[in-house]
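# Inside the fold
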Amino acid sequence: MAVCIAVIAKENYPLYIRSVPTQNELKFHYTVHTSLDVVEEKISAVGKSLGDQRELYLGLLYPTEDYKVYGYVTNSKVKFVIVVDSSNTSLRDNEIRSMFRKLHNTFTDVMCNPFHNPGDTIQSKAFDGIVSGMMVQSG
């Protein structure tokens, strides 16, 4: 499962970032922010070729020695980034897609909450619970 899950706003500031080994939190912030360049590259490349009919799932953005970084973009240009441990070889592409779909649906529920101001950081307990279920259980 995931070691870091992030939701990045259209303007590229974090709405939500959560990582499992909390001592590496700064490293994951850096990993997520460096992945945004790859996300923008893929969006512009797909946007030129297909017009506005693009796949929301961006796939593997880039692998590092320790992690694999996957991306997803909503129609409103909100970006989801999931970082997975490279040693987890059993995780298939369709499982990553379903994690993004579940995350997107939960994000939509948060945005539909009349007490949530769009653009604010996500502080929903329901969203946090879904993300916790996707994270690697340590220990």
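Residues numbered from 1 in each chain as written. Predicted model: local features only at pLDDT ≥ 70, side-chain atom pairs only at ≥ 80, totals over all residues. Heavy atoms only, no water.

By the naming in an unreviewed UniProt entry, the protein goes by Trafficking protein particle complex subunit 2-like protein and is assigned to Scophthalmus maximus. According to its UniProt record, the protein has this under Subcellular location (unreviewed entry): "Cytoplasm, Perinuclear region". UniProt lists a comment for the protein under the heading Sequence similarities (unreviewed entry), and it reads "Belongs to the TRAPP small subunits family. Sedlin subfamily." (UniProt positions renumbered as here; feature names shortened; annotations may be inferred.)

### Observations concerning the side chain of Ser86
For Ser86, the position within the fold is in the loop between strand 5 (79-85) and helix 2 (93-111). Here Ser86 falls in the buried class, since its relative accessible area comes to 18%. Looking at Ser86, its side chain comes within polar contact range of the main-chain nitrogen of Tyr67, at 3.1 Å. (Helix = DSSP H or I, 4+ residues; strand = E, 2+ residues; numbered from the N terminus. Buried < 20%, exposed > 50% of the residue type's maximum accessible area, 1.4 Å probe, protein only. Polar contact = N/O pair within 3.5 Å; in protein donor to acceptor, adjacent residues only side chain to side chain.)

### Some points on unusual backbone geometry
With a phi close to 65°, Asn12 is a non-glycine residue in the positive phi region. Here Asn12 shows up in the loop between strand 1 (2-8) and strand 2 (14-19). According to the relative accessible area criterion, Asn12 is partly exposed, its value standing at 30%. Even without being glycine, Lys77 reaches a positive phi, approximately 70°. Positionally, Lys77 belongs in the loop between strand 4 (67-73) and strand 5. Judged by relative accessible area, which is 32%, Lys77 ranks as partly exposed.

### Concerning the pattern of salt bridges
The final tally for this structure, using the stated rule, is four salt bridges. We note a salt bridge from Lys79 to Glu40, for which the minimum N-O separation is 3.6 Å. Residue Lys79 is found in strand 5, and its partner Glu40 is found in helix 1 (residues 25-50); the two are separated by 39 residues along the sequence. (Salt bridge = Lys/Arg side-chain N within 4 Å of Asp/Glu carboxyl O.)

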